[in-house]
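# Topology and contacts: notes
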Amino acid sequence: MRAKPSTSRDRIIEAAIWLFYANGYNATGVAEILKKAKVNSGSFYFFFKSKEELLLAVLDWYLENLEPILIRPVYEATSDPIERIFVLLDGYKGKILATEFDFTCPIGRLALEIDPARTDVHAKIAANFREWAEAVGRCIEDAGERLPPGTDTGALAKFVLTVMEGGVMQSRSHKSIVPFDASVAQLRQYFRYLEQSADTLRARVKTQSGDDRYEG
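Here's what I pulled together on the structure shown here.

Thresholds, definitions, all that
- Residues numbered from 1 in each chain as written.
- Predicted model: local features only at pLDDT ≥ 70, side-chain atom pairs only at ≥ 80, totals over all residues.
- Heavy atoms only, no water.
- Helix = DSSP H or I, 4+ residues; strand = E, 2+ residues; numbered from the N terminus.
- Rg over C-alpha atoms; globule rule 2.2 N^0.38 Å.
- Contact = heavy atoms within 4.5 Å.
- Areas by Shrake-Rupley, 256 points an atom, 1.4 Å probe, with all protein chains shown as cover.
- Lys, Arg positive; Asp, Glu negative; His and termini not counted.
- Charge placed at Lys NZ, Arg CZ, Asp CG, Glu CD.
- Phe/Tyr/Trp six-rings, centres within 6.5 Å; stacked < 30°, edge-to-face > 60°.
- Buried < 20%, exposed > 50% of the residue type's maximum accessible area, 1.4 Å probe, protein only.
- Axes fitted to C-alpha atoms, helices over the stretch in contact; angles between N-to-C directions.
- Parallel < 35°, antiparallel > 145°, perpendicular 65-115°, else oblique.
- Nonpolar A, V, L, I, M, F, W, Y, C, P; charged D, E, K, R; others polar.
- Core = buried A, V, L, I, M, F, W, Y, C linked by side-chain atoms within 4.5 Å.

Scanning the chain from N- to C-terminus turns up 9 helices and 0 strands. Starting at the N terminus and walking to the C terminus, you meet the elements of the chain as α-α-α-α-α-α-α-α-α. Taken over C-alpha atoms, the radius of gyration comes to 22 Å for the chain, far larger than the 17 Å a tight globule of 216 residues would show. Summarising its shape, the C-alpha atoms of the chain cover approximately 85 × 40 × 40 Å along the three principal directions. In the chain, once contacts between residues fewer than 6 apart in sequence are set aside, the share between residues at least 24 apart is 69%. Surface exposure of the chain reaches about 12600 Å², of which carbon and sulfur atoms provide 54%. Here the chain contributes 28 positive and 30 negative side-chain charges, whose respective centroids are spaced 6 Å apart.

According to the stated counting rule, one finds 12 aromatic pairs in the structure shown. Where Phe47 meets Phe48, the ring centres are 6.5 Å apart and the plane angle is 55°; that geometry is what we call tilted. Exposure remark for Phe47: the relative accessible area of 30% places this residue in the partly exposed category. Judged by centre distance (6.1 Å) and plane angle (55°), the rings of Tyr92 and Phe103 are tilted. Placement of Tyr92 in helix 5 (residues 81-98) and of Phe103 in the loop between helix 5 and helix 6 (106-113) is noted, with a sequence separation of 11 residues between them.

Before going further, it helps to examine unusual backbone geometry. With phi around 60°, Lys38 is a residue other than glycine that occupies positive phi space. Tracing the backbone through its elements, the reader meets Lys38 in the loop between helix 2 (30-37) and helix 3 (41-47). Positive phi values are uncommon outside glycine, yet Glu100 reaches one of about 55°. One can find Glu100 in the loop between helix 5 and helix 6. Residue Glu100 is classed as exposed on the basis of its relative accessible area, which comes to 60%.

Before going further, it helps to spend a moment on the packing of helix 1 (residues 8-23) against helix 4 (residues 51-77). When two helices pack together, their arrangement is given by the angle between the helix axes and the distance between those axes. Contact geometry for helix 1 and helix 4: axes closest at 9 Å, N-to-C directions at 90°. Taken as axis vectors, helix 1 and helix 4 run roughly perpendicular relative to one another. For the pair formed by helix 1 and helix 4, the contact residues are Arg9, Ile12, Ile13, Ala16, Ile17 and Phe20 on the first element and Lys51, Leu54, Leu55, Ala57, Val58, Trp61 and Tyr62 on the second. Here the residues of the contact of helix 1 with helix 4 are counted per class, giving 11 nonpolar, no polar and 2 charged.

Further remarks concern the nonpolar core. In terms of nonpolar packing, the biggest core is built from 61 residues, with Leu54, Ile85, Leu89, Trp132 and Phe191 touching the most fellow members. Put simply, the parts of the chain that give this core at least two residues each are helix 1, helix 2, helix 4, helix 5, helix 6, helix 7 (119-142), helix 8 (153-174) and helix 9 (178-215). For this core, the element with the highest residue contribution is helix 4, accounting for 11 residues. Contacts of Phe191, omitting those with residues within four sequence positions, involve Ile82, Ile85, Phe86, Ile140, Leu147, Leu156 and Val160.

Quick look at the structure:
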């Protein structure tokens, strides 16, 4: 089956994704986008009233493609719910190394660059972060009894996101994978601690249940 041809709108969004990531949103002009997308200004303004409106479409694209591009391959790689989190993080490590430490999270970059007063844009940035964290949260929930009862899966998923964003930024600045690896190693150790805590609690409950039967 042949791939569906890209429309002018698709090409504009694809060009903006590349240029906003490579050069930053503020440094990218509409003329550059037109040139890369190979469309004229009439086509651009038919679909978008402004560069700002295009940015919102770019953020929608990231949101719509999170599952097929990032999450689905992780589920295909392993059935272990906790290991899926680390496969996801390893994908970011691969991007850091492949780009020789130039990689940065495109959503994180926009979050830092866009004026906080642009609440409409930051709402979509937040939606992207939220969807990422919810995907990780589902992995955590799937771990079930491997984690202690009452584990705040939402907060833990946000912590995973913080580890990823912080590790990526530090590795970019240091031009070294060491900060990213160190951050992920600490996260893995924390998950091991949670699993050990759950094991200890189950063993204690089992022992207490056995004592109760004996006393009865």
